[in-house]
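Close look at the chain arrangement
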Amino acid sequence: MNEYGTLHKKDGRHALRFDRVFPYTAEEVFHVITDADKFVKWYPFATGEMDLKVGGKIQFDDGEGSKYEAVITELENPHTFSFREVDDLIEINLTEEDNGVGMVFIHTFDDATYAHYIATGWHRCLDVLGQIIQGNAIEWPDNAEELRASYGETFGKE
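Predicted model, so just to flag it, every value in this text is computed and none were measured.

What follows covers the packing of helix H1 (residues 26-34) against helix H3 (residues 115-133). At a minimum axis distance of 10 Å, the contact between H1 and H3 shows a crossing angle of 120°. Looking at the two axes, H1 sits oblique to H3. As H1 packs across H3, the resulting crossing turns out to be right-handed. For the pair H1 and H3, contact is made by Val-29, Val-32 and Ile-33 and by Leu-129, Ile-132 and Ile-133, respectively. For the contact of H1 with H3, the class distribution of residues is 6 nonpolar, no polar and no charged.

Laid out in structure tokens, this is it:
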């Protein structure tokens, strides 16, 4: 899947939105997204420590000395998983569709200067999430430079 993300304004902030469709049920996709052991394989810096409840914490470690946590703000099985990671908000919503389940992934943040870098990262992470959902071996393609150039052209580099 190579669906490109789009950049929007949301409540005075910036929001990157990615839409994906998977030929599975919402329950199957929700389980993969919220399973701590699978989460660490596609979500940057996740440690695998996740208290899966509203108000629960998700632990992160960038491997360079910065440890931080996110707080789960919404959790509605099998449709909504949202959390605040430092000042950013991550929202994942699933809806049943005729051909499976639609996933909307939105990352809301303040500084659009790096939007093309952020979009590149999420594009790659969500491609890997798709591989995990489909039960495929994880392969991180060497496409970051190409994606960064494409997103930079679309969003503009500030």
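Grouped together as the largest cluster of nonpolar side chains are 39 residues, with contacts concentrated most on Phe-39, Trp-42, Phe-81 and Phe-83. Ignoring sequence-local partners within four residues, the contact set of Trp-42 consists of Ile-33, Ile-92, Phe-105, Trp-122, Cys-125, Leu-126, Val-128, Leu-129, Ile-132 and Trp-140.

In the structure shown here, the tally under the stated rule is 6 salt bridges. Asp-127 is the partner of Arg-20 in a salt bridge, and the nearest nitrogen-oxygen pair spans 2.9 Å. Of this pair, Arg-20 sits in strand E2 (residues 13-22) while Asp-127 sits in helix H3, and the two are 107 residues apart along the sequence. Measuring nitrogen to oxygen at the nearest pair gives 3.5 Å for the salt bridge that ties Lys-53 to Asp-51. For Asp-51, a relative accessible area of 37% puts it in the partly exposed group. A network of salt bridges, in which partner residues are shared, links Glu-3, Arg-20 and Asp-127.

A few words on the side chain of Asn-143. Positionally, Asn-143 belongs in the loop between H3 and helix H4 (144-155). Looking at Asn-143, its side chain comes within polar contact range of the side chain of Arg-124, at 2.7 Å.

On to the pairing of strand E5 (residues 67-76). With 5 bridges joining them, strand E4 (residues 57-61) and E5 adopt antiparallel strand pairing. Bridge pairing in E5 links Ile-58 to Ala-70. Hairpin connection between E4 and E5: a loop of 5 residues separates the two successive antiparallel strands, and Gly-63 in this loop has a positive phi of roughly 75°. As defined by bridge partners, E5 adjoins strand E6 (residues 80-85) across 6 bridges and the pair is classed as antiparallel.

Here the focus is the sheet that holds strand E8 (residues 100-109). An order of E1-E2-E8-E7-E6-E5-E4-E3 is seen for the 8 strands of this open sheet, with the pairing classed as antiparallel. Looking at strand neighbours, the two that pair on one side only are strand E1 (6-10) and strand E3 (46-50), the edges of this open sheet. Recorded for the sheet is a direction-independent mean angle of 25° between the axes of neighbouring strands. Two elements, E6 and strand E7 (residues 88-97), share 6 bridges in a ladder whose sense is antiparallel. Bridge pairing in E7 links Phe-81 to Ile-92. H1 rests against E2, E3, E5, E6, E7 and E8 of the sheet, and its axis sits at about 160° to E7. In this fold H3 packs onto E1, E2, E7 and E8, with an angle of close to 25° to the strand it touches most, E2.

Rules used in this analysis
Residues numbered from 1 in each chain as written. Predicted model: local features only at pLDDT ≥ 70, side-chain atom pairs only at ≥ 80, totals over all residues. Heavy atoms only, no water. Axes fitted to C-alpha atoms, helices over the stretch in contact; angles between N-to-C directions. Helix = DSSP H or I, 4+ residues; strand = E, 2+ residues; numbered from the N terminus. Parallel < 35°, antiparallel > 145°, perpendicular 65-115°, else oblique. Left-handed = near helix turned anticlockwise from the far one by under 90°. Contact = heavy atoms within 4.5 Å. Nonpolar A, V, L, I, M, F, W, Y, C, P; charged D, E, K, R; others polar. Core = buried A, V, L, I, M, F, W, Y, C linked by side-chain atoms within 4.5 Å. Buried < 20%, exposed > 50% of the residue type's maximum accessible area, 1.4 Å probe, protein only. Salt bridge = Lys/Arg side-chain N within 4 Å of Asp/Glu carboxyl O. Polar contact = N/O pair within 3.5 Å; in protein donor to acceptor, adjacent residues only side chain to side chain. Pairing = 2+ DSSP bridges.

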